[in-house]
Amino acid sequence: MAEREITYVAAIAEGATTILNEQDSAFIAGEDVAGAGGVFGSYRGLLDEFGPGRIVDTPISEEGIVGLGVGAAATGLRPVIDIMFMDFMGECMDEIANQMAKMRYMFGGAAKLPITVVTMSGAGMNMAAQHSQSLEAWLCHLPGLKVVTPATPYDAKGLLIAASRDDNPVFVVMNKLSLRTSGPVPEEAYTVPIGQAKVVREGEDLTIVTYSRMVREALTAAETFAKEGIDAEVIDLRSLQPLDIDTVLASVRKTGRAVVVHEAVRFAGLGGEIAAQIQEQAFDDLDAPVARVGAPFSPVPFSSVLEQTYLPNAEKIVAEAKHVIGL
Amino acid sequence: MNQPSDDVLRDMHRRMVRIRVFETEAGRMAEAGKIPGALHLYVGEEAVAAGVMVHLSDDDWITSTHRGHGHLIAKGGEFDRMFAELYGRATGYCRGKGGSMHISNMELGMLGANGIVGAGPPIAVGAAFSTKFRNTDRVAVSFFGDGASNEGSFHEAANMAALYKLPAVFVCENNGYGEYTPQKNHQAIKDVADRAAGYGMPGVVVDGMDAVAVYEAAGAAIERARAGDGPTLLECKTYRFFDHVGVRGMGLSYRTDEELQEWQKRDPIHMFEAQLAQLGVLSKDAAAAVYDAVSADVKAGIEFAETSPLPDPATLLDDVYA
């Protein structure tokens, strides 16, 4: 496949273009997706290429937009719904939690809901408490939903296309601080399988389990450890639901030590679930308790100095991991 | 232009009787402890479901409410599989996964009763979007109550349907109560249809106890939707003969028996039968024959449910995902 370096946001646009090209029943709907091309530029150019019937600007009505997706999907279309910031899920949580996630089950399997929801998570851009959150744990607690979290441009395009081909509701939780990062992306259509983690750095001494933007922080932490002669393995989960715990367990059985890292608030975050599963299934292989790195129990602050203090980063991962290693 | 033929009148009557007898017996079975969970019964509101649904085919979509049995029956739901669902049996429409509050049938275009007040209208807008996307002349009808008309979801859906000129009809079943709260205590307006102006669509008020009136108003709204002229908000003034949940009608703390009795004088089925007798469309004997046939169907449906297997516990996790 022809590969070149493009940005994460350009990869989203390529994924969206692929979806509209390969599926006649697909459309994209959301706030400012058509005329403005998306506030992050995720859909730039799509209106000209596909017209207003396939890429649909909506009122600022998140519950209406998600409901539109549910009704359209249940009646045979393959909607891609854009929720600009995942913080806005509070406006549409009923249609997500009680309708989209449950309709198939409540109907005894008679409904098919091939919905892709694209949304944006993450802090680090001075957007404060209501435009910076990482709320993926909300979604992972709802049976019926799938949740993926691309860390790279390659995964942004590949997971988006995979989501659109899936017959279940899939949330593709993008990361806004990753939008301008670049990486190799094939020009052609391809998928990244939903439910498969990826070992992004192999190591023998410690397993760092993470996802989304924290993958880069974990890799930086691993480089710091390398200088000290500690060989860290880094796993990018890529998919949180379904969760590829087997890849995590295989790594932990090798290294005997694990740190779970996410940008989301640590308390009741995914880290707790992953740590619990590790100790349930690999207790005898552990040389130390599983550690967790996450944001403190606070809203995301505005001012840079506070925001940087709030955010997990490589330094904090190193500090926490040292306890696990016994340094 | 929307005058119902004699056949349509008899069809509507049959749908109404089917709802009445089904609901009455379902209530009885619930009281007897045979049907678990909460039942929100549709008795008193039959003219609305029948007057709307007689215009629709299986390819048209509806969204329903927590009071949804009547909508499914009027859309063609079969008693055996409906009772089986209420009984929580494997043979139910939802294989025992939904029950009364989530009863549905995709093949009949029934996108589910719904336990969340106001959740249906946005889904109906999605279904209407779907039919427009594919250039068909199908419509989506959303039933909801006066209570739901105060949910933000209704406003968002109504605005979007009008904005996109979708083939949707919003049917407000105003039974005067949002759960136990009278309308005057939950909104400052008398006619929910007044809200239509705020979305740029026609708002129509109709007597929801008068089947023919509902038929005519619904026909006009559905015709308008099919023609591509956009949505209508149709408010049907009706009344719940039973309580919000269950079968009790009299002696309730939040409404008077006199109020119920006044509405019962305008029982939609009795009024309709008098009208049909006067028109010579349906004799007393013919009407009685309808009840006999429907009662036999109900009896068979209950027997089917009671002799059907319970779901296999091994199916618990089936259909969480496709």
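Residues numbered from 1 in each chain as written. Chains lettered and ligands numbered in written order. Predicted model: local features only at pLDDT ≥ 70, side-chain atom pairs only at ≥ 80, totals over all residues. Heavy atoms only, no water.

Q: Looking at this model, I keep getting lost on the overall build of chain A. Mind explaining?
A: Looking only at helices and strands, chain A has 12 helices and 14 strands in total. Expected size for 327 residues packed as a compact globule is a radius of gyration near 20 Å; at 19 Å, chain A falls within 12% of this value. A principal-axis box enclosing the C-alpha atoms of chain A has dimensions of 60 × 40 × 40 Å. Classification of the 327 residues of chain A by burial places 62% in the buried group. A separation of at least 24 residues holds for 82% of the contacts in chain A among residues at least 6 apart in sequence. Only carbon and sulfur atoms are counted for the fraction: they give 52% of the accessible area of chain A, which is about 11700 Å². Measuring between centres, the 25 positive side-chain charges of chain A sit 2 Å from its 43 negative side-chain charges. (Helix = DSSP H or I, 4+ residues; strand = E, 2+ residues; numbered from the N terminus. Rg over C-alpha atoms; globule rule 2.2 N^0.38 Å. Buried < 20%, exposed > 50% of the residue type's maximum accessible area, 1.4 Å probe, protein only. Contact = heavy atoms within 4.5 Å. Areas by Shrake-Rupley, 256 points an atom, 1.4 Å probe, with all protein chains shown as cover. Lys, Arg positive; Asp, Glu negative; His and termini not counted. Charge placed at Lys NZ, Arg CZ, Asp CG, Glu CD.)

Q: Even after reading the chapter, I still don't get the pattern of salt bridges, so can you show me in this structure?
A: It is possible for side chains of opposite charge to pair when their charged atoms get near one another. If you walk through the whole model with that rule in mind, you get 32 salt bridges over all chains. When the shortest N-O distance is used, the salt bridge between B:R138 and B:D60 registers 3.4 Å. Pair noted here: B:R138 is in the loop between α5 (120-133) and β2 (140-145) and B:D60 is in the loop between α2 (46-53) and β1 (61-63), with a separation of 78 residues, a long-range link. Here the residues in one salt-bridge network are A:R4, A:E14, A:K157 and A:E187, joined through shared partners. (Salt bridge = Lys/Arg side-chain N within 4 Å of Asp/Glu carboxyl O.)

Q: Looking at this structure, I do not really get the sheet that holds strand β3 (residues 168-174) of chain B. What am I missing?
A: Sheet strands pair via backbone hydrogen bonds, and the direction of the pair is either parallel or antiparallel. All names here are of chain B. The 5 strands lie next to each other as β1-β2-β3-β7-β6, forming an open sheet whose pairing is parallel. Taken across any chain shown, the strands that pair with only one partner, and hence form the sheet edges, are β1 and β6 (203-207). Between one strand and the next, the sheet's axes are offset by a mean angle of 20°, whatever the strand orientation. By the bridge criterion, 6 bridges tie β3 to strand β7 (residues 232-237) in an arrangement that is parallel. (Pairing = 2+ DSSP bridges. Axes fitted to C-alpha atoms, helices over the stretch in contact; angles between N-to-C directions.)

Q: Help me out: how do you make sense of the interface of chain B and chain A in this one?
A: When the parts come together, some accessible area is lost, and that loss is often what is quoted as the size of the interface. The interface of chain B with chain A comprises 36 residues on the first partner and 45 residues on the second. Of the roughly 3200 Å² buried between chain B and chain A, counting both surfaces, carbon and sulfur atoms make up 64%. Our enumeration of links across chain B and chain A arrives at 1 salt bridge. Two residues, A:R104 and B:D319, come together in a salt bridge whose shortest N-O distance is 3.3 Å. (Buried area = accessible area lost by both parts, 1.4 Å probe.)

Q: Where do I start with the sheet that holds strand β11 (residues 232-236) of chain A in this structure?
A: Residue and element names in this part refer to chain A. Strand order in the open sheet formed by 5 strands is β9-β11-β10-β13-β14, with mixed pairing between adjacent strands. The sheet is open, and its two edges are formed by β9 (198-201) and β14 (291-295), each paired on a single side. Averaged over all neighbouring strand pairs, the angle between strand axes comes to 25°, with direction disregarded. Where strand β13 (residues 258-265) meets β14, 4 bridges bridge the pair, whose relative direction is parallel. Within the sheet, the bridge partner assigned to V261 lies in β14 and is V293. Sitting on the sheet, helix α10 (residues 270-282) is in contact with β10 (206-210), β13 and β14, with an inclination near 160° to β13.

Q: When you look at the packing of aromatic side chains in this model, what are you seeing that I'm missing?
A: Remark: the centre distance and the inter-plane angle together describe each pair of aromatic rings, the angle taken between the planes. A complete count under the given rule lists 16 aromatic pairs over all chains for this structure. With centroids separated by 4.5 Å and ring planes inclined at 25°, the aromatic side chains of A:Y154 and A:Y190 adopt a geometry described as stacked. Of this pair, A:Y154 sits in helix α7 (residues 153-165) while A:Y190 sits in the loop between β8 (182-186) and β9; the two residues are 36 residues apart in sequence, bridging distant segments of the chain. Taking the relative accessible area as the measure of exposure, A:Y154 reaches 28% and is therefore partly exposed. With centroids separated by 6.3 Å and ring planes inclined at 75°, the aromatic side chains of B:Y177 and B:Y239 adopt a geometry described as edge-to-face. Of this pair, B:Y177 sits in strand β4 (residues 177-178) while B:Y239 sits in the loop between β7 and α8 (257-264); the two residues are 62 residues apart in sequence, bridging distant segments of the chain. Given the relative accessible area of 7%, B:Y177 is considered buried. (Phe/Tyr/Trp six-rings, centres within 6.5 Å; stacked < 30°, edge-to-face > 60°.)

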